[in-house]
Amino acid sequence: MKLVNKPYAQAFLDFADARPEVLCVSADLTSSCEIDGFRDRHPERFLSMGLTEQNMLSLCGGLALEGLRPFVHTFAVFLYRRPYDQLVNSIAYSNRKVRLMGFLPGITTPGGITHQAIEDIAVLRSLPNMTLLETGDATEVETVLEVADAVEGPVYVRVLRGAVPRLFDTPFAFNQLRSLSQGEDLLVLTAGITTEEAMRASRALRDAGVGVTHLHASTLKPFAREAFLDALSGVRHGVITLENHTIVGGLGSIAAEIMAEAGSGKRLIRLGLQDTFAHGASRPYLMRKYGLDALTLVRAVEELTGETTDIDEAALEAVRLDEVHSAAKAEAL
Amino acid sequence: MWQQETRRVAHGIRCRVFEHTIRNNGGYLSQACSSADFLATLYTRTLHLGPAIAPPVPRPFAGPPAADNPHAFTGAGYHGEQTPAWDRFIISPAHYALVIYAALIETGRMDAQGLELFNRDGESVEMIGAEHSPGMEVMTGSLGQGLSQALGIAMARQRRGDRGRVWVFLSDGELQEGQTWEAFQVMDHYHLDNIAIIVDVNGQQCDGTVASTLRLGDIAHRLRAFGAEVHDIDGHDIEAIDQAGRSRPEHRPLVLLANTDPCRGMDYLNRRRPKMHYVRFLKPGEKEELEREIRNELYPEGQGDGT
C-alpha cells in the first residue's frame, strides 16, 4: 500500500480541463479542498463565494438550471448543516445537477464537533433525489468525479484529502460493492476510511482461522442491495458494519433495513460512533477512542462468532504498513 | 396610452384576487393591494417577455422532478420562451401566487379558468407557488432563496453573453433573511448588472407590521451600502415604476423599492390592521360586510356582482 499525496488536486484538474461547462465553486476553503491549482489555472471558471454557504447552494441551483455544472467545494459539514433548507429547496427538489464535494468526512478532522460531519449520511440519505458517494482510497478519489458527473441529479461526495492510501487498482464503479475478501463465517461491510482498518483486521482474522467476507461500499445511495444479500447468504453468523459516522442512519442502518426487509434472520453489529459526538483530536486517537478501528472490529467478530482470538493491537500493528503511515501527519485544518 | 392598459391590468388583479378570496372564504388580499400596480407595470411595460408558451389552462401536477420522471414541468412557459434577448422573472415570495396568477390572466398569459384550479387537490396552481405553478420556475416558498437562485441564473446568463435581464420580485420581509444579504455581497463582488430586483415594501409580514416584528430601518441606505443602485419609489405610481425600471446601471444590481399600501384600492382592509398577511373570516357577518364594502370600492359604477 502506498500513500498518494493530494489525489483530488490533480484529479479535478484533469477532469475539469476537458469540460468547459464545469465550474469550481469554493467557500473560503480553497487550498483546504485542494482546488487552489485549479483556481490558478482557470480563474474564469473558479467562483469564490466566500462564507455565504446558504447563498452558494441556492446560487448553484440556478447555475445548474441554466445547464452549467457546478462542483461545490468545502468541508462536508458546511454543505448540509447550515444550508440544509437551501439544499432541499434550491437543489434536491428540482433534481439539479449540483455536485457537493465534502471534505474531511466524519472524524478525519481534529476540528471538533463543528467540523466533523458525523451524521451527513443519515441526513442526506433521507432526502429524495440525492445520490451519496464515499471515497475510500486514492483511486476512488481520482475516479469519483466522472461517476458523480454522470448522475442525473444532485450528488454528495465524501472526499478524502492530503495523503491518501491507495487500496484499489480499479476505478470507482457506481453502485457496486467491492469484494475485498471471501470467507464463510461473517460479512464485514465498510466504507471510506474504515475499509483500510477492516482490511487489516480481516487479514489477521484469516490467519486466526476466521473467514471474513469483506465488502467495501462506495455508493451509499442508491445501495447495491442484491449484491449485499448474495454475500450475506454465504456467511454463517451475520454482519458487522464499520463506518466513519454515527451508527444511526448510516451504513449500519442501511444494512439493517435490507436485512430486516429480506427477513435474513441474521445478527448485525453496528460499529461507528455509538450515537455520540466526538471531539477535536487526532484521527488515530479518535478511531481508537470511539471504536472505528481494526481492534474494535476484531472484538466484534469474537462477539458474533462466540470464539475468541489472540489478536491484539500488536498483531494488528504488524499487519499495518508502518512505513506508509509514519509519513502521514495528523490531518490539519 | 399605455397607462390606461396598465391600470386596467392592476384593477383586474385586485378584482380577481378579491372575488377569489370571497369565494374561498379567505386569501392573500393585502398582497394584491400592495403589488397590483407594480406587477401590472412590470408585465405590461418593464419585462421583456415573449408570449406565453404554456397551456392556457395549467396542467395537473406531474410529480416531483426526478431522474425517472420525464413528465415533471415548471411554470416558466407562462413567461414565454427563454431566449438570450428576453428577460426572466423570478417570484421569490411564493405566497403571492394568487396575485401572480391573476396578473397572468389579466395579461393574457393564462386562461381565467386556470384560477378555478387554485389550491385544488392534484393541480399545479398551488396556494404557495412551487416551480410547477404558473409563472414559477424555481422553488421559493422558503423565503430568501429566490434571489440567490436568480443570481445563479444571472451569472450563467452573463457567461453566455445574454442581453436579457433577470428580474426578481422580493417581499420586504425577506430582507430579514441573512441569505438575502449574502446574495447582495456576491452580486457586489462580481459586479453583476444583469439582475434587477423589485421589493414590495408594504411593511407587512405574518405576525403584523415589519416595524413591530423586526424592523428593517433605512432599507435604501442598507442596500446602497451593499452596492446596489436603489430607486426608492411609490409602488403605486406606475409612471415612476416604468421610469425606474428603465435604468440599466453598470456593474451593480438595480433595486426598485416599491413603497406600497397593503390596503390600496380596498380601504376597508384598514380596519383589519395590524394583521394583514392573510384574510380570514372568523366572526358572523364579517365576510358579508367586507364583501359589500370592498365591492363598492372596486366597482363604483355598481357592475360588481361577484360573477
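Residues numbered from 1 in each chain as written. Chains lettered and ligands numbered in written order. Predicted model: local features only at pLDDT ≥ 70, side-chain atom pairs only at ≥ 80, totals over all residues.

A. Representation of the overall build of chain B within the structure. Counting its regular elements, chain B contains 9 helices and 9 strands. Against the compact-globule benchmark of 19 Å for 307 residues, chain B has a radius of gyration of 19 Å, which places it among compact chains. The C-alpha extent of chain B, read off along each of the three principal axes, is 55 × 45 × 40 Å. Here chain B, with 307 residues, has 52% of them falling under the buried criterion. (Helix = DSSP H or I, 4+ residues; strand = E, 2+ residues; numbered from the N terminus. Rg over C-alpha atoms; globule rule 2.2 N^0.38 Å. Buried ≥ 20, exposed ≤ 12 C-beta atoms within 10 Å, placed from the backbone.)

B. Representation of the overall build of chain A. Helix and strand content of chain A: 14 helices and 14 strands. Against the 2.2 N^0.38 benchmark of 20 Å for 333 residues, chain A shows a C-alpha radius of gyration of 19 Å, consistent with a compact globule. Overall size of chain A, expressed as C-alpha extent along the three principal axes, is 60 × 45 × 35 Å. Burial status across chain A gives 52% buried among its 333 residues.

C. Spatial organisation of the sheet that holds strand β3 (residues 166-171) of chain B. Residues and elements named next belong to chain B. The sheet built from 5 strands is open, its strands ordered β2-β3-β4-β8-β7 with parallel pairing. The open sheet is flanked by β2 (88-91) and β7 (229-234), the only strands paired with a single partner. Adjacent strand axes in the sheet meet at a mean angle of 20°, parallel and antiparallel pairs treated alike. Relative to strand β8 (residues 254-259), β7 runs parallel, the two sharing 6 bridges. Opposite Ile233, over in β8, you have Ala258 as the bridge partner. Against the sheet, helix α8 (residues 238-245) makes contact with β7 and β8, and its axis sits at roughly 170° relative to β7, the strand it touches most. (Pairing = 2+ DSSP bridges. Axes fitted to C-alpha atoms, helices over the stretch in contact; angles between N-to-C directions. Contact = placed C-beta atoms within 7 Å.)

D. Just the environment of Tyr84 of chain A, in detail. With respect to the secondary-structure elements, Tyr84 of chain A resides in helix α5 (residues 84-92). Sequence separation of Tyr84 of chain A and Thr52 of chain A is 32 residues, and the distance between their C-alpha atoms is 13 Å.

E. Highlighting the interface of chain B and chain A. Contact with chain B, which involves 24 residues of that partner, is made by 24 residues of chain A. In terms of residues, the side of chain B that touches chain A owes the most to one element, helix α4 (residues 146-160) of chain B, which gives 9 residues.

F. Spotlight on the packing of α4 of chain B against helix α5 (residues 178-189) of chain B. All names here are of chain B. It is the contact of α4 with α5, at a shortest axis distance of 8 Å, that shows an interaxial angle of 25°. Compared by their axis directions, α4 and α5 come out roughly parallel. For the element pair α4 and α5, the recorded crossing hand is left-handed. Across the interface between the two elements, Leu147, Ser148 and Leu151 from α4 touch Gln179, Thr180, Ala183, Val186 and Met187 from α5. (Parallel < 35°, antiparallel > 145°, perpendicular 65-115°, else oblique. Left-handed = near helix turned anticlockwise from the far one by under 90°.)

G. Highlighting unusual backbone geometry. In this structure, Pro222 of chain A follows Lys221 of chain A across a cis peptide bond, with omega equal to 0°. With respect to the helices, strands and loops of the structure, Pro222 of chain A is situated in the loop between β12 (219-221) and α9 (225-233). A cis amide bond links Arg273 of chain B to the next residue, Pro274 of chain B, at an omega of 5°. Along the polypeptide, Pro274 of chain B turns up in the loop between β8 and β9 (279-280). Even without being a glycine, Asn129 of chain A presents a positive backbone phi close to 75°. Within the secondary structure, Asn129 of chain A sits in the loop between α6 (120-125) and β6 (131-134). The exposure class assigned to Asn129 of chain A is partly exposed, which follows from the 19 C-beta atoms found within 10 Å. Of note, Asn25 of chain B is a non-glycine position whose phi angle comes to about 60°, a positive value. Structurally, the position occupied by Asn25 of chain B is in the loop between α1 (2-23) and β1 (26-27).

H. Broad picture of the pairing of strand β4 (residues 69-75) of chain A. Residues and elements named next belong to chain A. A large share of β4 lies buried, amounting to 6 of its 7 residues. In the sheet, strand β2 (residues 22-26) pairs with β4 via 5 bridges, with the strands oriented parallel. In the sheet register, Leu23 faces β4, and the bridge partner there is Pro70. Examined bridge by bridge, β4 and strand β5 (residues 99-103) share 5 bridges and lie parallel to one another. By the bridge assignment for β5, Phe71 is matched with Arg99.

I. Region of interest: the packing of helix α8 (residues 194-207) of chain A against helix α12 (residues 294-305) of chain A. All names here are of chain A. Two elements in contact, α8 and α12, have axes separated by 8 Å at closest approach and are oriented at 50°. By the criterion of interaxial angle, the relationship of α8 to α12 is oblique. The two elements α8 and α12 cross, and the hand of that crossing is right-handed. Residues Glu197, Ala198, Arg200, Ala201, Ala204 and Leu205 of α8 form the contact with α12, whose participating residues are Ala294, Leu297, Val298 and Val301. Looking at the contact of α8 with α12, its residues break down into 8 nonpolar, no polar and 2 charged. (Nonpolar A, V, L, I, M, F, W, Y, C, P; charged D, E, K, R; others polar.)

J. Molecular detail of the sheet that holds β5 of chain A. Residue and element names in this part refer to chain A. Within the open sheet, the 7 strands sit side by side as β3-β2-β4-β5-β7-β6-β12. Their pairing is mixed. With one partner strand each, in any of the chains shown, β3 (46-48) and β12 form the two edges of the open sheet. Taken over all neighbouring pairs, the strand axes of this sheet differ in orientation by 20° on average, direction set aside. With 2 bridges connecting them, β6 and β12 associate as antiparallel partners. Within β12, the residue paired with Leu132 across the bridge is Lys221. Helix-sheet contacts for helix α7 (residues 138-149) involve β4, β5, β6 and β7 (155-159), and the interaxial angle to β7 is about 175°.

K. Structural detail: the domain arrangement of chain A. All names here are of chain A. By domain assignment, chain A separates into domain 1 (2-166) and domain 2 (177-322). Taken over C-alpha atoms, the centre of domain 1 sits 27 Å from the centre of domain 2. Elements supplying a minimum of two residues to the side of domain 1 that touches domain 2: α6 and β6. A breakdown of the residues in the side of domain 1 that touches domain 2 according to their chemical character gives 11 nonpolar, 8 polar and 5 charged. (Domains from an automatic or database assignment.)

L. A look at the confidence of the model for chain B. On average, residues of chain B carry a pLDDT of 96, and 98% of them reach 70 or more. Model confidence for the complex is summarised by a pTM of 0.94, with the ipTM given as 0.93. (pLDDT = per-residue confidence, 0-100.)

M. Structural detail: the nonpolar core. Ranked by internal contacts, the top residues of the largest apolar core, which has 189 residues, are Ile240 and Leu297 of chain A together with Ile13, Val99 and Tyr101 of chain B. Here this core gathers at least three residues from each of two domains, domain 1 (2-166) and domain 2 (177-322) of chain A. In contact with Tyr101 of chain B, not counting residues within four places along its chain, are Met110, Gly114, Leu115, Phe118, Val125 and Pro134 of chain B. (Core = buried A, V, L, I, M, F, W, Y, C linked by C-beta atoms within 7 Å.)

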